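Residue-level listing of the chains:
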Amino acid sequence: MTVQAPATGFRPAQRISAIGVSEILKIGAVAQRLKREGRPVIVLGAGEPDFDTPDHAKDAAERAIRAGQTKYTILDGTPELKAAIADKFRRENDLVYAADEITAGAGAKQVIHNAFMATLSPGDEVILAAPYWTSYADMVRIADGTPVDVLCRDHNGFRLDAADLERAITPRTRWLLLNSPSNPTGAAYSAAQLRPILDVLKRHPHVWLMADDIYEHLTYDGLPFVTAAALEPSLKSRTLTVNGISKAYAMTGWRVGYGGGPRELIAAIAVVQSQSTTNPSSVSQAAAIAALTGPQGILVERRAAFQRRRDIVVDALNAIDGIVCRRPEGAFYTYASCAGLIGRRAPDGAVIDSDSAFCRYLLERHDVAVVPGSCFGLAPYFRLSYATSEQNLREAVKRIARACRELS
């Protein structure tokens, strides 16, 4: 659904004329409506951990409120928050950033948006490894850029192939945006798998890299996390490394994300942010400092819990006739193929002719909300978020199995 001018004469900006509200949000809204009507819907669409914010982060926020830290701060993060971010980059990623090489915004999403707004001109291209998080392409378009999809196939673990990247680069290419581990596929890159991508970028000095590391702490089976600017220091001067507290610390609602990059880029991002939100919430910044500097054992515990959930879901989906699901290396999503179900019929005679039709069938007839792969640029798949309890997941995959058995 796109925004159209109603009879009142309202005329939307051209930059949003082909952009609609996120399909994920729309699916979630339908699921919530059904739940209000009394339906036992299990929502597996949102990228939001079901764990609670760590107590020490909540305590820090409360102390900040009591101490009167409820005023404006420096527009892109307090000195204390930037110091905590710099220490995190140094401690966990072997990256050294000065305060003027760090930005903090209202979520990692704002940092990405700001970077595109600060750097893209009409006709500039941004290469996206498809399937990708739906907002990436729309943020590029809002900033007058052109998204260029490069397909990442299942047989390559949904990872970007270096030769495909090389072919996609043109004189107008401004950025490559790479998300590892990935939303929606959970695909992650080892150092050996990332190296060929970085070698391509080394040959094209006009192309910058945006590394979305938001799922950094959610890698499984002992896979070490690797970030591009640390693996290839020669690219650090044209890399924006983006991260945040939302996923690892279950702090989605606090809205704090951050990035490290060249000071000229960070200064340009500050210009954009100064004309939108200005600083992220002062109280949220206090909570973020506590999350980044406090006990980190919770990350190990939650990673283990997510890995158990992943295995429950993947094993159950692969036992269903018509569904094939690879075991992702990270994040908290599975990206399962439903190609084997296309062409089958529901009990009411409706034909499952696409992944969107299959997802509608699951929601409307079997009370399970998942997201069609067509939203992310690669069909016929569906994304299932296992950021919920094992009990919910076991019940959900039982419903999916029953739904598939009822197809003929």
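- The name given to the protein in an unreviewed UniProt entry is Aminotransferase, with Bradyrhizobium neotropicale as the source organism.
- What the UniProt record of the protein gives under Catalytic activity (unreviewed entry) is the line "L-aspartate + 2-oxoglutarate = oxaloacetate + L-glutamate".
- According to the UniProt record, the Subunit (unreviewed entry) comment for the protein reads "Homodimer."

## A short note on the packing of aromatic side chains
We describe a pair of aromatic rings using the distance from one ring centre to the other and the angle between the two ring planes.
In step 1: Scanning all chains against the criterion turns up 14 aromatic pairs.
In step 2: Between the aromatic rings of phenylalanine 306 and phenylalanine 332, the centroid separation amounts to 5.3 Å while the plane-to-plane angle is 35°, which identifies the pairing as tilted. Linking phenylalanine 306 in helix H11 (residues 297-318) with phenylalanine 332 in the loop between strand S9 (324-325) and strand S10 (333-337), this pair joins segments that are 26 residues apart in sequence.
In step 3: Judged by relative accessible area, which is 1%, phenylalanine 306 ranks as buried.
In step 4: On the basis of an interplanar angle of 55° and a centroid distance of 5.0 Å, the ring pair of phenylalanine 332 and tyrosine 333 is categorised as tilted. Here phenylalanine 332 matches tyrosine 333 in class, with each residue buried.

## Some thoughts on the pairing of strand S8 (residues 257-260)
In step 1: Of the two faces of S8, both are covered, the one formed by Gly257 and Gly259 as well as the one formed by Tyr258 and Gly260.
In step 2: Two strands pair when backbone bridges link them, and strand S2 (residues 102-105) and S8 are joined in this way by four bridges, in the antiparallel orientation. In the strand pairing of S8, glycine 105 is matched with glycine 257.
In step 3: With four bridges connecting them, strand S7 (residues 239-244) and S8 associate as antiparallel partners.

## Here's the deal with the layout of surface pockets
In step 1: Looking at the largest pocket, its volume works out to about 750 Å³.
In step 2: Around the largest pocket sit 32 residues that line it, and Ala46, Gly47, Lys109, Trp133 and Lys247 are the ones nearest its centre.
In step 3: Secondary-structure elements contributing two or more residues to the lining of the largest pocket are helix H1 (23-36), helix H4 (108-119) and helix H5 (135-142).
In step 4: With six residues, the single largest contributor to the lining of the largest pocket is H1.
In step 5: Of the residues belonging to the lining of the largest pocket, the class tally is 13 nonpolar, 12 polar and seven charged.
In step 6: Residue assignment places the lining of the largest pocket across two domains, with domain 1 (14-52 + 298-405) and domain 2 (71-293) each supplying three or more.
In step 7: By volume, the second largest pocket is sized at about 470 Å³.
In step 8: Together, 20 residues line the second largest pocket, and Ile19, Gly20, Ser22, Thr134 and Asp138 are the ones closest to its centre.
In step 9: Every element with two or more residues in the lining of the second largest pocket is listed here: H1, H4 and H5.
In step 10: When residues of the lining of the second largest pocket are assigned to their parent elements, the largest contribution, six residues, is made by H5.
In step 11: In terms of residue class, the lining of the second largest pocket is built from nine nonpolar, six polar and five charged.

How each quantity is defined
Residues numbered from 1 in each chain as written. Predicted model: local features only at pLDDT ≥ 70, side-chain atom pairs only at ≥ 80, totals over all residues. Heavy atoms only, no water. UniProt positions renumbered as here; feature names shortened; annotations may be inferred. Phe/Tyr/Trp six-rings, centres within 6.5 Å; stacked < 30°, edge-to-face > 60°. Helix = DSSP H or I, 4+ residues; strand = E, 2+ residues; numbered from the N terminus. Buried < 20%, exposed > 50% of the residue type's maximum accessible area, 1.4 Å probe, protein only. Pairing = 2+ DSSP bridges. 1 Å grid on protein atoms, 1.4 Å probe; cavity = no way out; pocket = protein on both sides within 12 Å on 5 of 7 lines; lining within 4 Å. Points joined across faces, edges and corners; volume = space filled by probe spheres on them. Nonpolar A, V, L, I, M, F, W, Y, C, P; charged D, E, K, R; others polar. Domains from an automatic or database assignment.

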